[in-house]
Amino acid sequence: MTDQLILGQTLRFKSDPFAMPIEDAAVVSARGGVLIRDGRIAAIGEADALRRDHPQIEVTDHGDHLITAGFVDAHMHYPQTAMIASWGKRLIDWLNTYTFPEEMRFADPAYANEIAGRTLDLALSNGTTTLTSFCTIHPASVDAFFSAASSRNMAVVAGKTCMDRNAPDGLRDDVKSAYDDSKSLLEKWHKTGRATYAITPRFSPTSTPDQLAALGALWAEHPEALMQTHLSEQLDEIEWVRGLFPDARDYLDTYEEFGLLGERGLYGHAIHLTAREVDRLAEVNAAVVHCPTSNTFIGSGLFDMAGLKARGIRTGLATDTGGGSSFSMLRTMAAAYEIGQLRGTPLHPAQLMWLATEGSAGALHMTGEIGSLNVGAMADITVLDLASTAAIAQRSTRANDLWEALFPTIMMGDDRAISDVYVAGCKVARS
Ligand SMILES: [Zn+2]
């Protein structure tokens, strides 16, 4: 692959803007450039200097569009793509009414292939270059997702969802098949190309203690894998967990007891946490994943971003589609901002952009590899048009700095704001 230089406004992060002043954490260039070599970022700097140093290089000039790291979605359910924005219901009703009947269709590999490809293309059209997905209980649903991602050269995380109770006929595995299928899928896909495997118990209400223990044993045998699940999303869910695990100290303990709490664990939602749960998450350096459009859509509650970040807990951002109501990480950032406002802790646009890129990459233990414009990272890049609609354009033209110019796109932007996407340095064809 030949070297190439892309020019535009650029935004990268030197460090976490929750931990230090924005101007020290973020590096903004009004006329910057990114040098791409062999699919990775080889240099980033001022456009004029890069052109001078590389006079023969192929150049793509994005004008005043903003070049940023591709978005990293740290928690979603690709099998729910076709039922996004289903009306009404609380979590448990919503799973039974909409989710489980749709997930049953993934027994058909052809359907799984169709939805996997559709989901990844929707992600790319929204500037998201990495998805972290639950699949269904069917091993073919995992093969479908990783195969579709491989054909697009996308870095993805996924795993077979395990459920052996409190799910309908046709959507339950058992202790042995959950272990055996997860193990063979992990050995087949983990670190094959850009794939990462995550051991995936859906959540403790749908796994027996024996199944949780089997998956904990698998994780102990394969500590290099990630583990993803759900934690403390809704209050009635927490009550249900208390009834199912009467001896557990709290919801997190239902994972910890079976070897499913660790540094490479990803705990989606994590809204209604006890002090002990927060302490344990911090002690083991586990990651939590904020899913704001899902939390408002299903009425789950207000995630404590400021409190958890202040404890140093690694935090990613995610759509949680189809419980989330949008494939767009811009809309997801807007919802995170709104939830921060409702908690009295507004998030700066730099913090929102960091969460959608570096934050999620950190949750996935992929810092420096994805979600970054720093030298050495894979060139998964999203280019934003900061004047994609008349409403956004009339506001951003009055901006005094990049943050003022970007914030209207965060709050009001959608896939029209995504002008170009690069995956491993290759521009994705626009459909
Ligand atoms: Zn979820």
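Overview of the structure. (Residues numbered from 1 in each chain as written. Predicted model: local features only at pLDDT ≥ 70, side-chain atom pairs only at ≥ 80, totals over all residues. Heavy atoms only, no water.)

## Quick look at the nonpolar core
One recurring pattern in soluble globular proteins is that nonpolar side chains are buried together. Counting 103 residues, the largest nonpolar core has Tyr78, Tyr267 and Leu281 as the members making the most contacts within it. Here this core takes 7 residues from helix α4 (residues 109-125), the largest share from any one element. If you look at the next biggest cluster of nonpolar residues, it comprises 16 residues, including Val72, Ala74, Val157 and Ile370. (Core = buried A, V, L, I, M, F, W, Y, C linked by side-chain atoms within 4.5 Å. Buried < 20%, exposed > 50% of the residue type's maximum accessible area, 1.4 Å probe, protein only. Helix = DSSP H or I, 4+ residues; strand = E, 2+ residues; numbered from the N terminus.)

## Considering the coordination of the zinc ion
Protein-derived coordination of the zinc ion comes from His75 (NE2), His77 (NE2), His230 (NE2) and Asp320 (OD), at a distance range of 2.1 to 2.3 Å. Geometry at the zinc ion is irregular, judged from the 4 donor atoms that bind it and their angles of 90 to 168° at the metal. Between consecutive donor residues of the zinc ion, the sequence gaps follow H-x1-H-x152-H-x89-D. Taken as a pair, His75 in strand β5 (residues 71-77) and Asp320 in the loop between β13 (314-317) and α13 (329-342) lie far apart in primary sequence, 245 residues in all. The pair His75 / Asp320 is uniform in exposure class, with both members buried. (Donors = N, O, S within 2.8 Å, 3.2 Å for Na, K, Ca; no water. Tetrahedral: all angles 85-135°; square planar, octahedral: opposite > 155°, others 65-115°.)

## So, α13
Think of an α-helix as 3.6 residues a turn; residues three or four steps apart then line up on the same face. For α13, built from 14 residues, the straight-helix expectation of 20 Å at 1.5 Å per residue is met to within 8% by its first-to-last C-alpha distance of 20 Å. In terms of burial, α13 is largely enclosed, as 10 of its 14 residues are buried. Among the residues making up α13, those that are buried are Met329, Leu330, Thr332, Met333, Ala334, Ala335, Ala336, Tyr337, Ile339 and Gly340. (Expected span 1.5 Å × (residues − 1).)

## Quick notes on the pairing of strand β10 (residues 226-231)
In terms of burial, β10 is a largely internal element, 6 of the 6 residues being buried. Both strand β9 (residues 195-201) and β10 contribute to a ladder of 2 bridges, which runs parallel. When the bridges of β10 are listed, Ile199 appears paired with Met227. The parallel pair β9 and β10 is bridged by helix α7 (residues 209-221), and the resulting crossover is right-handed. Summarising the sheet, β10 and strand β11 (residues 265-269) pair through 5 bridges and their orientation is parallel. Bridge assignment links Gln228 to a residue of β11, and that residue is Leu266. (Pairing = 2+ DSSP bridges. Right-handed = clockwise from strand over helix to strand, strands pointing away.)

## What to know about the packing of aromatic side chains
Using the criterion set out here, one finds 11 aromatic pairs in the structure. Taking the centre distance of 5.6 Å and the plane angle of 80° together, the rings of Tyr78 and Phe106 count as edge-to-face. Placement of the pair is Tyr78 in the loop between β5 and α3 (91-104) and Phe106 in the loop between α3 and α4, with a sequence separation of 28 residues. Taking the relative accessible area as the measure of exposure, Phe106 reaches 0% and is therefore buried. We note Arg105 situated over the ring of Tyr111; from NZ or CZ to the ring centre the distance is 4.1 Å. (Phe/Tyr/Trp six-rings, centres within 6.5 Å; stacked < 30°, edge-to-face > 60°. Lys NZ or Arg CZ within 6 Å of the ring centre and 35° of its normal.)

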